[in-house]
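# Commentary on secondary and tertiary structure
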Amino acid sequence: MSQSTTSSSYSSAANPSPLMIEARGVEKWYPNGYHALRGVDLTVNRGEVVVIMGPSGSGKSTFIRTFNALEDFQKGQITVDGIPLSNDLRQIDAIRREVGMVFQQFNLFPHLSVLDNLTLAPVLVRKRPKAEVVEQARALLKRVGIAEQADKYPGQLSGGQQQRVAIARALCMEPRILLFDEPTSALDPEMVREVLEVMQNLAADDITMVVVTHEVKFARQVADRVVLMAEGDVVEVAEPEQFFTNPRQERSRRFLDQIL
Amino acid sequence: MNPLLRRLRQDLFATPADSLLSIALLAILASGSTAFLHWAFSRAQWAVIQANSTLFALGRYPIEQQWRLWLLTALLAAAAGIGWGMLRSHPRTDRSGRLWPANDRIAALLLLLSLALPWALGLALPIQLRWWALSGLLLLLRWLAGRFGPGLPPALKRLLPLGLPLLYLIGMLLIGGGLGLAPVPPSEWGGLLLTLLQASFAILLCFPLGVLLALGRRSDLPLLRWGSVIYIEFIRGAPLITLLFLGQNMLGFLLPGGMAPERVWRAAWVLTLFAAAYLAEAVRSGLAAVPRGQVEAARSLGLSLPQAFSTVVLPQALRVALPSMVGQFISLLQDTTLLSLIGLMELLGTARTVMANPAFLGKNAEVYLTLAVLFWCCCAALGLGSRALERRLDPAAVVRSG
Ligand SMILES: Nc1ncnc2c1ncn2[C@@H]1O[C@H](COP(=O)(O)OP(=O)(O)O)[C@@H](O)[C@H]1O
Ligand SMILES: [Mg+2]
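Procedures and definitions
Residues numbered from 1 in each chain as written. Chains lettered and ligands numbered in written order. Predicted model: local features only at pLDDT ≥ 70, side-chain atom pairs only at ≥ 80, totals over all residues. Heavy atoms only, no water. Helix = DSSP H or I, 4+ residues; strand = E, 2+ residues; numbered from the N terminus. Buried < 20%, exposed > 50% of the residue type's maximum accessible area, 1.4 Å probe, protein only. Contact = heavy atoms within 4.5 Å. Areas by Shrake-Rupley, 256 points an atom, 1.4 Å probe, with all protein chains shown as cover. Core = buried A, V, L, I, M, F, W, Y, C linked by side-chain atoms within 4.5 Å. Domains from an automatic or database assignment. Near = heavy atom within 4 Å. Polar contact = N/O pair within 3.5 Å; in protein donor to acceptor, adjacent residues only side chain to side chain. Buried area = accessible area lost by both parts, 1.4 Å probe. Salt bridge = Lys/Arg side-chain N within 4 Å of Asp/Glu carboxyl O. Nonpolar A, V, L, I, M, F, W, Y, C, P; charged D, E, K, R; others polar. Pairing = 2+ DSSP bridges. Axes fitted to C-alpha atoms, helices over the stretch in contact; angles between N-to-C directions. 1 Å grid on protein atoms, 1.4 Å probe; cavity = no way out; pocket = protein on both sides within 12 Å on 5 of 7 lines; lining within 4 Å. Points joined across faces, edges and corners; volume = space filled by probe spheres on them. Parallel < 35°, antiparallel > 145°, perpendicular 65-115°, else oblique. Left-handed = near helix turned anticlockwise from the far one by under 90°.

### Some points on the overall build of chain B
Within chain B, the secondary structure is distributed over 19 helices and zero strands. Across the 402 residues of chain B, 39% fall into the buried class. Within chain B, counting contacts between residues at least 6 apart in sequence, those at least 24 apart form 74% of the total. With an accessible surface of roughly 22000 Å², chain B has 71% of that area assigned to carbon and sulfur atoms.

If you want it as structure tokens, here you go:
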């Protein structure tokens, strides 16, 4: 795991601040004019696990996708691991190397074997020797419990297995931050647990995680803080116990009434 | 009851109306084919083909240089054998080890054709023997490639497709001369040789051009996007024959003095530019079939846009577009017949000169039928190759083969 620190000039040593993500007054309009983010503020500390909840359409996906520049924004500032997000393409590339993402629809590369899904980016982007990456990829697949599937293709795996491959694929780039956008929402109920277990396992490491999910049990057990978003803004940030038992905001209470 | 009989009964005689229709159709089919066979074997006079076989094959290519084309054909047979063997061996390694795999109908058909055709055409014995040797070479290399191909180091396997352009360069050298070989100018190329040259030149070059046009059409740069759109729509709106005439007349003005290529090459470029527009549309539909999430996943892993396109999007898009691209290639091959209208001696042009020869007056049916069969063989080969490639590129094929 030393590779990431040597290959990036933006190592943790260069950024002693405990803040991993800092978003200030972020506003986004979609090209059709829709005001999706309305001045969002949020900070995420190094190694922290933050769960974002909120009704559908409240801007959760839009917000976390700004962290790795999959979405742009028009006002405000976002700093990721000390690097300000701007239109500078080199900085965007630098940030994307440090930020992994796991999608609701897995988005595995169907034309590549599981192993090639994992090794593609480290070899192509980090220019690491293939043999070394293959070894690491096999170890990661073992860690997420699918070592035997390395040579299969994504289409041959169950949804839960695919999502675990997607997590392993993100980890293979040795990111400092992992973003999850509703990682279990597209899964059959019996497969949700196997994915959540992998995520819980990860949370014990020092990687920073931002997780959009509706899994209350996961949020209670794993999150350091829970964020509620509604109508394009953050409504409440609280520790899980406080959030689920005694939320401060009326909006949070209404949301919890709906999902609990 | 015999399953075949049951099947026939189900398919043809399920209801009285079905039976009636089936009987009528079978009667028409039977009378049509007996009439054809009668014509082909007793009335038709195939001497016109036998006497002109070299002309149909090569045009007026100098006799003393024809060994170069035999060498080229041997190279092509070798390449086809290797490619075929490699495609077969992946992902179905189970069938590749045998020299004569069970129920390999295509190879059997090829063998039969290559044995029977030179004989049926009444070619001279030495030439018959050469054809047999060539098909033997092809099948042997197919077996070797299937047997040992999968064991080759992956780096070497990735280099194999590069053999294709290399083969093309060698082929052009052998045909046209240079590097010590006596030059044979394009005006002396003809027949099947010229047809295949035109088609393969256009196929090889329209592919990269078509991909670039398709990407241009999706580009964020307005100039690039509109340029591509206008080009594609203009070409697709104009009949090829007008473009061919235009090319013969206009390239001379457009290119600086002396740069205008020889007539044969002008036609080849027009074909290429024409095919590229159609190919671009095929590639575009392939690109549209790749979900947005694929680029997002690639970008979130840190791949640059060109990297994401070349390793993630394009392979998937081309896989989707392959059948319609091959459809384009097949019609391109058939479109080469239009070149006869601008005076090139490709297959149809050669055929027309042969039919104009008083010695072979009235033998049009024999000539046209031969042409049709030749074209059909080429197109069938393209289609078979593409299906093999499709299977090879289909990750799910691994499941089916276990
Ligand atoms: N590409 C887009 N163009 C216009 N509006 C969009 C686009 N993507 C999302 N939106 C809108 O932005 C809002 C927030 O979307 P999203 O971030 O996906 O919400 P969530 O993830 O919380 O369900 C929704 O109202 C959605 O309709
Ligand atoms: Mg969402």
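The structure having been displayed, the exposition proceeds.
### Describing the environment of Leu5(B)
All names here are of chain B. Examined against the element boundaries, Leu5 turns out to sit in helix α1 (residues 3–12). Given a relative accessible area of 47%, Leu5 falls into the partly exposed group. Separated by 77 residues in the primary sequence, Leu5 and Ile82 have C-alpha atoms spaced 41 Å apart.

### Quick notes on the nonpolar core
In this structure, Tyr61(B), Ile175(B), Trp189(B), Leu287(B) and Met325(B) are the most contacted members of the largest nonpolar core, which totals 55 residues. The greatest single-element share of this core, amounting to 14 residues, is contributed by helix α14 (residues 263–288) of chain B. Summarising the domain contributions, this core has at least three residues from each of domain 1 (63–183 + 362–402) and domain 2 (191–348) of chain B. Aside from chain neighbours lying at most four places away, what touches Ile175(B) is Tyr61(B), Arg68(B), Leu69(B), Leu72(B), Val184(B), Trp189(B), Leu193(B) and Leu197(B). Within the second largest apolar cluster, 51 residues are counted, among which are Ile146(A), Ala168(A), Val211(A) and Leu256(A).

### Overview of the site of ligand 1
Residues and elements named next belong to chain A. As a structural note, the neighbourhood of ligand 1 is formed by Tyr30, Asn32, Tyr34, Ala36, Pro55, Ser56, Gly57, Ser58, Gly59, Lys60, Ser61 and Thr62. In this structure, an oxygen atom belonging to ligand 1 sits 3.2 Å away from a main-chain N or O atom of Ser58. The contact in question runs from an oxygen atom of ligand 1 to an N or O atom on the backbone of Gly59, over 3.0 Å. Relative to its unbound accessible area of 560 Å², ligand 1 is 65% covered by the protein chains.

### What about the domain arrangement of chain B?
All names here are of chain B. Annotation of chain B at the domain level lists domain 1 (63–183 + 362–402) and domain 2 (191–348). The interface of domain 1 with domain 2 comprises 17 residues on the first partner and 20 residues on the second. Buried area between domain 1 and domain 2, both sides added, is near 1700 Å², and the carbon and sulfur share of it is 87%. Considering only the surface of domain 1 that becomes buried against domain 2, Tyr168, Phe375 and Leu382 emerge as the three largest contributors, covering 33% of it. At the junction of domain 1 and domain 2, the tally comes to zero salt bridges. Here the side of domain 1 that touches domain 2 gets 12 residues from one element, more than from any other, and that element is helix α18 (residues 364–393). Considered class by class, the residues forming the side of domain 1 that touches domain 2 number 13 nonpolar, two polar and two charged.

### Examining the sheet that holds strand β7 (residues 177–181) of chain A
Residues and elements named next belong to chain A. Pairing is mixed in the open sheet, where six strands are placed in the order β6-β7-β8-β3-β9-β10. Each of the sheet's edge strands pairs with one partner strand only, and the pair in question is β6 (99–102) and β10 (233–238). With strand direction ignored, the average angle separating the axes of adjacent strands in the sheet is 20°. Relative to β10, strand β9 (residues 225–230) is paired through five bridges, and the arrangement is antiparallel. Across the sheet, the residue bridging to Ala230 is Asp233, located in β10. Packing against the sheet, helix α6 (residues 159–171) makes contact with β6 and β7, and its axis sits at approximately 175° to β6.

### Here's the deal with the pattern of salt bridges
Per the counting criterion, the structure on display carries 23 salt bridges over all chains. Lys28(A) is paired through a salt bridge with Glu71(A); the nearest N and O atoms lie 3.5 Å apart. With Lys28(A) in strand β1 (residues 19–29) and Glu71(A) in the loop between α2 (60–67) and β4 (75–80), this pair connects stretches of sequence that are 43 residues apart. Residue class for Glu71(A) comes out buried when judged on its relative accessible area of 12%. The residue Glu250(A) makes a salt bridge to Arg253(A) at a minimum N-O spacing of 3.8 Å. Of this pair, Glu250(A) and Arg253(A) are both found in helix α10 (residues 250–259), three residues apart, which corresponds to roughly one turn of the helix. By relative accessible area, which is 37% here, Arg253(A) ends up partly exposed. Overlapping salt bridges, with partners in common, bring together Lys28(A), Arg65(A), Glu71(A), Asp72(A), Arg292(B) and Glu296(B) in one network.

### Examining helix α17 (residues 347–356) of chain B
Residue and element names in this part refer to chain B. Counted residue by residue, α17 has seven buried out of 10 residues, so it is predominantly covered. What α17 keeps buried is the set Leu347, Leu348, Gly349, Thr350, Ala351, Val354 and Met355. Buried residues along α17 sit against α3 (47–51), α4 (53–58), α11 (191–217) and α18.

### Some details on the interface of chain B and chain A
In this complex, chain B contributes 19 residues to the contact, which on the side of chain A involves 22 residues. Seen at the junction of chain B and chain A, the total is one salt bridge. Taking the shortest distance from any N to any O, the salt bridge between Glu296(B) and Arg65(A) comes out at 2.6 Å. Between the two partners, chain B and chain A, sit five residue pairs in polar contact (both at pLDDT 80 or more). Taken together, the elements giving at least two residues each to the side of chain B that touches chain A come down to α15 (292–300), α16 (305–335) and α19 (397–401) of chain B. With eight residues, α15(B) is the single largest residue contributor to the side of chain B that touches chain A. Classifying every residue of the side of chain B that touches chain A by side-chain character gives nine nonpolar, seven polar and three charged.

### A look at the layout of surface pockets
The space that makes up the second largest pocket amounts to roughly 1100 Å³. Within the residue set of the lining of the second largest pocket, elements represented by two or more residues are β1, α2 and α3 (89–98) of chain A together with α11, α15 and α16 of chain B. Class assignment of the residues belonging to the lining of the second largest pocket gives a composition of 15 nonpolar, six polar and 10 charged.

### Some thoughts on the environment of Phe244(A)
All names here are of chain A. Looking at where Phe244 falls in the secondary structure, it is placed in helix α9 (residues 240–245). In this structure the C-alpha to C-alpha distance between Phe244 and Ala139, which are 105 residues apart in sequence, comes to 37 Å. Excluding its chain neighbours within four sequence positions, the residues that come into contact with Phe244 are Met53, Val216, Ala219, Arg220, Val226 and Leu256.

### With respect to the pairing of strand β2 (residues 35–45) of chain A
All names here are of chain A. As defined by bridge partners, β1 adjoins β2 across eight bridges and the pair is classed as antiparallel. By the bridge assignment, Ala23 is partnered in β2 with Leu42. Counting the residues that bridge the hairpin from β1 to β2 gives five residues, and of these Gly33 lies at a positive phi of roughly 95°.

### Observations concerning the packing of helix α12 (residues 222–237) of chain B against α14(B)
All names here are of chain B. For the pair α12 and α14, the least separation of the axes is 9 Å and the interaxial angle reads 115°. One finds that α12 runs roughly perpendicular with respect to α14. Of the two elements, α12 crosses α14, and the hand of that crossing is left-handed. Contacts between α12 and α14 involve Tyr231, Ile232, Ile235 and Arg236 on the former and, on the latter, Leu273, Phe274, Ala277, Tyr278, Ala280 and Glu281. Class assignment of the residues belonging to the contact of α12 with α14 gives a composition of eight nonpolar, no polar and two charged.

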